[in-house]
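Below, each chain spelled out in residue letters.
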Amino acid sequence: MLDEMQPTEFAQINVAYNRVFRPGRLSVGLVLPLEAYAVGAEPTLRDHLEAAQKAEELGFAALWLRDVPFNVASFGDPGQIFDPFVYLGALAAVTDRIALGTSSVILPLRHPAHVAKAAATADVLSGGRLLLGVASGDRPEEYPAMNQSYNDRGTRFRDSFGYIRAVGSAYPKHENAQGKLPGEIDLLPKPHGTRLPMLITGGSQQAPDWVAQNGDGWMTYPRSVVAQGQVIADYRRLVKAAGQLDKPVMQSLYVDVVADPAAPPRPIHLGFQSGTNFLRSYLHEIETLGVNHVALNLRFNQAPIYTTLEHLADTVLPDFS
């Protein structure tokens, strides 16, 4: 299992949180599945557990799972297909050190009691390696399939978030539209650490000050350097204004890593194709902006995935280990 938690300027929550997120430093993780697949195609998930073990062996900090209940054809991406919580259990069983994260669970489409119990179970089974990213969702077609409305998903997100926080305590008293907890029943297991580390994705239909005050960190997307630096600074000002400890920021990044290390960047969806020299300099740049973790998505990578993982481990990870 991971080392015991070390002192940090961020809150002490669980083993993964305090290993992956370090003030002033960047760590590098991967979005599953670790394979390339075209827009509109489904991933094969061939040897997916072996790929996760390889990522851990090479020293990547975290593996991230998306929550995609339905394959919405117009979006062109079914995600990793598996239910994220079942998949977290399988990954916990075949890995020992790497953090396991969701990016992100769609709270308005799940009852928060189920989310809290499944997440705490994954956290305990993995020895404190869970990072729970949560979101309000952005695929309108999924909501009527579950008899849920789309326009009020922000309210349900907020209620679910509060419910999950409440059931982390013993015999909680809490009531909102998601249910009534009278203080006479308890939800088990409790998380491995002090609580479930909950990172909010984007705005999740909430005011920026609510996101800064309530989440344990913020998950966002690539922007220009100037814009990214500004939104991170704004987020951290709101955290400070709430009288709280600093909180980590992470972002996703699609990359297509080519063999020539000096190859210049070429834009792709939410990222770029480049050699490792540019990728390494980009990661150092966002580190200076205050990004604490980047989740690399290799979906559009043209080289064999294992070759790319080893290439990244040799040339990029040493700067961010």
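Higher on the page you've got the structure.
Just so it is clear, the structure is predicted and the values come from calculations on it, not from any experiment.

Novice: Can you tell me about the side chain of Arg66, naming the residues and giving the values?
Specialist: Within the secondary structure, Arg66 sits in the loop between strand S2 (62-65) and helix H3 (84-94). Judged by its relative accessible area of 17%, Arg66 falls in the buried class. At 2.5 Å, the side chain of Arg66 forms a polar contact with the side chain of Asp77. When sequence neighbours within four positions are dropped, the list of residues in contact with Arg66 reads Val31, Tyr37, Asp77, Gly79, Gln80, Pro84, Ser103, Ser104 and Arg139.

Novice: An account of the pattern of salt bridges is needed here, citing residue identities and associated values.
Specialist: The tally for this structure, following the rule as stated, stands at 14 salt bridges. The salt bridge involving Arg25 is made with Glu287; its shortest N-O contact spans 3.7 Å. In this pair, Arg25 is assigned in the loop between helix H1 (15-20) and strand S1 (27-31) and Glu287 in helix H9 (residues 276-289), connecting sequence segments 262 residues apart. Using a relative accessible area of 32% as the deciding quantity, one classes Arg25 as partly exposed. Given the relative accessible area of 13%, Glu287 is considered buried. The residue Arg110 makes a salt bridge to Asp67 at a minimum N-O spacing of 3.0 Å. Linking Arg110 in the loop between strand S3 (99-106) and helix H4 (112-125) with Asp67 in the loop between S2 and H3, this pair joins segments that are 43 residues apart in sequence. Judged by relative accessible area, Arg110 falls into the partly exposed class, the value being 22%. What you see here is one network of salt bridges that share partners, running through Lys54, Glu57 and Glu310.

The rules behind the values
- Residues numbered from 1 in each chain as written.
- Predicted model: local features only at pLDDT ≥ 70, side-chain atom pairs only at ≥ 80, totals over all residues.
- Heavy atoms only, no water.
- Helix = DSSP H or I, 4+ residues; strand = E, 2+ residues; numbered from the N terminus.
- Buried < 20%, exposed > 50% of the residue type's maximum accessible area, 1.4 Å probe, protein only.
- Polar contact = N/O pair within 3.5 Å; in protein donor to acceptor, adjacent residues only side chain to side chain.
- Contact = heavy atoms within 4.5 Å.
- Salt bridge = Lys/Arg side-chain N within 4 Å of Asp/Glu carboxyl O.

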